[in-house]
Amino acid sequence: MFQSSRTLVLGICMAVGGLAGGVRSAVGGEGIWKTLGVFGVGVLGVLIVVSYFVHRADR
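The structure presented is a predicted model; accordingly, all values stated were derived computationally and were not measured.

J.: I tried to follow the side chain of T35 on my own but got confused; where do I start?
T.: Position of T35 relative to the elements: it lies in helix α2 (residues 32-58). Not counting chain neighbours up to four residues away, the residues in contact with T35 comprise G22, S25, A26 and E30.

J.: Looking at this model, I keep getting lost on the packing of helix α1 (residues 5-27) against α2. Mind explaining?
T.: A packed helix pair is summarised by two numbers, namely the angle formed by the two axes and the spacing between the axes. Where α1 meets α2, the axes come as close as 7 Å, and the angle between the chain directions of the two elements is 150°. Here α1 lies roughly antiparallel to α2, going by the angle between them. For α1 against α2, the interelement crossing comes out left-handed. Of the residues belonging to the contact of α1 with α2, the class tally is 17 nonpolar, 10 polar and no charged.

J.: Can you help me understand the packing of aromatic side chains in this one?
T.: Geometrically, a pair of aromatic rings is defined through the distance of the ring centres and the angle of the planes. Taken as a whole, this structure holds 1 aromatic pair when the rule is applied. For the ring pair Y52 and F53, a centre distance of 5.3 Å and an interplane angle of 85° mean the geometry is edge-to-face. Judged by its relative accessible area of 7%, Y52 falls in the buried class.

J.: Looking at this structure, how should I read the environment of V46?
T.: You can see V46 is positioned in helix α2. On the accessibility criterion, V46 (35% relative accessible area) is partly exposed. Beyond its immediate stretch of four places on either side in the chain, V46 contacts A15 and L19.

Each value, and the rule that gives it
- Residues numbered from 1 in each chain as written.
- Predicted model: local features only at pLDDT ≥ 70, side-chain atom pairs only at ≥ 80, totals over all residues.
- Heavy atoms only, no water.
- Helix = DSSP H or I, 4+ residues; strand = E, 2+ residues; numbered from the N terminus.
- Contact = heavy atoms within 4.5 Å.
- Axes fitted to C-alpha atoms, helices over the stretch in contact; angles between N-to-C directions.
- Parallel < 35°, antiparallel > 145°, perpendicular 65-115°, else oblique.
- Left-handed = near helix turned anticlockwise from the far one by under 90°.
- Nonpolar A, V, L, I, M, F, W, Y, C, P; charged D, E, K, R; others polar.
- Phe/Tyr/Trp six-rings, centres within 6.5 Å; stacked < 30°, edge-to-face > 60°.
- Buried < 20%, exposed > 50% of the residue type's maximum accessible area, 1.4 Å probe, protein only.

Written out as structure tokens, the structure is:
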């Protein structure tokens, strides 16, 4: 499913942006739901990247 290099780039962008944005919103005192939502995007990005490399290792 996650075979394309475009998917890898998307996952990296989501991971970096989501985790950095989550830290920024937590430090900035944003609401808990906004902070958890942004962290959720980061975690989803990490899962996409891990899935890409696991799939590549199976080949």
